[in-house]
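If you want the building blocks of each chain, they are given just below.
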Amino acid sequence: MIVTNKQSGTNVHEVADGIYRINTPVVMEGGPGGFSFNQFLIVDDAPLLFHTGPRKMFPLVREAVASVLPVERLRFIGFSHVEADECGSLNEWLAAAPQSTPLCGKIAALVSIDDIANRPARGLADGEPVSLGKHTVRWFDTPHLPHGWECGFLMEEQTRTLLCGDLFTQPGAEHPAITESDILGPSEAFRQAMDYYSHTSNGRALLEKLAAADPTTLACMHGSTWKGDGAKLLRALGDALSK
Ligand SMILES: [Fe+2]
Ligand SMILES: [Fe+2]
């Protein structure tokens, strides 16, 4: 792990072959615990950043990406759904990487991004792959899971890494970059407290679709990256949502 910004504690750690987790811990004054924001950089012929982080965090994330590759090499700026921590600095990234394209689901492109973004998006259909070189990412639509009609995730097939956004969100500022211990318990406690999941009745079926892709790494936006039997953990989350 390398710290790329001492003041914020922003750091970079390779969590799978060619996939870098850019982590910024956020200690909240007066509140317990804090929170963390992770972005994921896939280094390849066509490098991809999955979620931008909040707009105000752009200088930190840019600095971290620049520690791995020249930012102008980025070709895709991807994200799960439309929210500040997912795509708040999308236009800053499009300016910093002139050959990059927003990458999201068709609904996000149609409803928001082709209006908000300074360049047209590549809107992916459910199951559509995108080759980055050695890595291939595949888009899965997951409407309203955990929130947002346009929500979806990318699975990187070479490393079997599911870029799972807000699924398994763990509270707190400090986490190990990678863990094999339980993340479902903490994320379920946080879901109960914050109610950030929609109450879609399709949750279990959507999680089953992700489980069928058989990930071994779950790259969470908030908290540690998890290694293990991803299908089993996704199904356990489906069970918890069905209770
Ligand atoms: Fe979100
Ligand atoms: Fe998030």
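The structure presented is a predicted model; accordingly, all values stated were derived computationally and were not measured. (Residues numbered from 1 in each chain as written. Chains lettered and ligands numbered in written order. Predicted model: local features only at pLDDT ≥ 70, side-chain atom pairs only at ≥ 80, totals over all residues. Heavy atoms only, no water.)

S.K.: Explain the packing of helix α5 (residues 184-194) against helix α7 (residues 230-242) to me, using residue names and the numbers behind them.
M.R.: Across the interface, α5 lies against α7 with an axial gap of 11 Å and an inter-helix angle of 30°. Relative to α7, the element α5 is oriented roughly parallel. The crossing of α5 and α7 is right-handed. Only L233, A236, L237, A240 and L241 of α7 make contact with α5, whose side of the interface consists of L184, E188 and R191. Among the residues forming the contact of α5 with α7, the class breakdown is six nonpolar, no polar and two charged. (Axes fitted to C-alpha atoms, helices over the stretch in contact; angles between N-to-C directions. Helix = DSSP H or I, 4+ residues; strand = E, 2+ residues; numbered from the N terminus. Parallel < 35°, antiparallel > 145°, perpendicular 65-115°, else oblique. Left-handed = near helix turned anticlockwise from the far one by under 90°. Contact = heavy atoms within 4.5 Å. Nonpolar A, V, L, I, M, F, W, Y, C, P; charged D, E, K, R; others polar.)

S.K.: Requested: an account of the side chain of S89, with residues and values cited.
M.R.: With respect to the helices and strands, S89 occurs in the loop between α2 (84-87) and α3 (90-96). Of the residues examined, S89 reaches a relative accessible area of 0% and is grouped as buried. If we skip the residues at most four places from it in the chain, S89 touches T52, G53, P54, R55 and F58. (Buried < 20%, exposed > 50% of the residue type's maximum accessible area, 1.4 Å probe, protein only.)

S.K.: Would you mind going over the coordination of the iron ion (ligand 2) in detail, with residue names and values included?
M.R.: Perfect tetrahedral coordination of a metal by four donors corresponds to 109.5 degrees between them, and perfect octahedral coordination by six donors corresponds to 90 or 180 degrees. For the iron ion (ligand 2), every protein donor is listed as D85 (OD), D166 (OD), M221 (SD) and H222 (NE2), and the spread of their distances is 2.1 to 2.4 Å. Coordination at the iron ion (ligand 2) is irregular: its four donor atoms span angles of 83 to 172° at the metal. In this structure, the iron ion (ligand 2) is positioned 3.9 Å from the iron ion (ligand 1), and both are ligated by D166. Remark: M221 occurs in the loop between β14 (217-220) and β15 (225-227) and D166 occurs in the loop between β12 (161-165) and β13 (178-179); sequence separation between them is 55 residues. According to the relative accessible area criterion, D166 is buried, its value standing at 4%. On the basis of relative accessibility, which here comes to 1%, the residue M221 falls in the buried class. (Donors = N, O, S within 2.8 Å, 3.2 Å for Na, K, Ca; no water. Tetrahedral: all angles 85-135°; square planar, octahedral: opposite > 155°, others 65-115°.)

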